[in-house]
Amino acid sequence: MAQAKIQAKANEGHNGGRFCRSMSMAARSTHLLEVLDDLEIRVQSLRDSASALELEKESLMEMIHNVRNSQDMRSISDGEREELSITAERLMKRTVTVEISVETMRNPQQASSLQQASLIIDEILKEVTDNLESGKKQLMCLYAACTSDVPSVPIDQKFQSIIIGCAIEDQKKIKRRLENLIRNIDSSEKSITLLENQKQKSLPHQNNNV
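Residues numbered from 1 in each chain as written. Predicted model: local features only at pLDDT ≥ 70, side-chain atom pairs only at ≥ 80, totals over all residues. Heavy atoms only, no water.

Trainee: Quick rundown of the UniProt feature "coiled-coil region" (unreviewed entry) in the chain? Include the residues and the values.
Mentor: This chain's UniProt record puts "coiled-coil region" (unreviewed entry) on residues 36-70 and 171-198. Taken as a whole, residues 36-70 contains 94% helix and 0% strand, while its terminal C-alpha atoms sit 50 Å from one another. (UniProt positions renumbered as here; feature names shortened; annotations may be inferred. Helix = DSSP H or I, 4+ residues; strand = E, 2+ residues; numbered from the N terminus.)

Following this line, the structure appears as C-alpha cells:
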C-alpha cells in the first residue's frame, strides 16, 4: 500500500514536470512573438524614415533646380549670377552624394509592371526635348491614371492597367515622379516664355536705335 502511494506521487511529479515545461515553452514562444512584433514596428518605422529622407532629397534637388532657373537669376548682374550658380551647383553635388535606398518587395508580375511603366515614361521624356507641349500632355495623361482626383485630361487607360499591377510603394513613387516631371516642364515653359518676352521687348528698342 505504501509502495503504491509512493509510485502515485512519483507519477504525479513526473506529469507535473511535463506540464511545467510545456507552460515554459508557451511563455517563451509568447515572449519571442512579442519581440518580433516590436521589431516589425521598428522596421516599418525605419522604412518610413528612409522614405521620408528620399522625399526630402528629391525636394531639395527640385528647389535647387528652381533657384538656378528662376527669373530672379536672370535679373541680376553676370558676376552675381555666376557666383550664385556656383553655390547652387555645389549644393546640388552635395545633395546627390546622399544615397538612400528603400527596396520594395515585389513578385514577378509587379516587377514586370514597374518595368513597363518606367519604359513608357522614359519614351515620353525622349520626345519632350523636341516637343515640350506634347510631352507635357502625355505625362499629364499618365498622371491622371495614377490619381483618384477628377482629371482635366483623358486618362491613359493602358498605363492605368499597368499601374494597377505595380506594388503600392511603386505606385506612389511613379505618381511622385510624374508630378516632379510636370512641375519641371512648367518651370521650363515659364523660362522660355520669359526669354521670348524679353526678346520682344528689346526689338522696338533696337529698331529705335536704328
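What follows picks up the thread again.
Trainee: Provide a residue-level description of the packing of helix α4 (residues 108-128) against helix α6 (residues 157-164), including the pertinent values.
Mentor: With their axes 8 Å apart at the nearest point, α4 and α6 run at an angle of 145° to one another. Handedness of the α4/α6 crossing: left-handed. Touching S113, Q116, A117, I120 and I121 of α4 are F159, I162 and I163, all from α6. For the contact of α4 with α6, a count of residues per class yields six nonpolar, two polar and no charged. (Axes fitted to C-alpha atoms, helices over the stretch in contact; angles between N-to-C directions. Left-handed = near helix turned anticlockwise from the far one by under 90°. Contact = heavy atoms within 4.5 Å. Nonpolar A, V, L, I, M, F, W, Y, C, P; charged D, E, K, R; others polar.)

Trainee: A description of the side chain of E54 should follow, citing residues and the corresponding values.
Mentor: By the secondary structure assignment, E54 is in helix α1 (residues 2-68). For the buried E54, no salt bridge is present, and the opposite-charge side chain at shortest range is K173, 4.1 Å distant. If near-sequence neighbours (up to four positions away) are discounted, E54 is found in contact with I100, S101, V102 and K173. (Buried < 20%, exposed > 50% of the residue type's maximum accessible area, 1.4 Å probe, protein only. Lys, Arg positive; Asp, Glu negative; His and termini not counted. Salt bridge = Lys/Arg side-chain N within 4 Å of Asp/Glu carboxyl O.)

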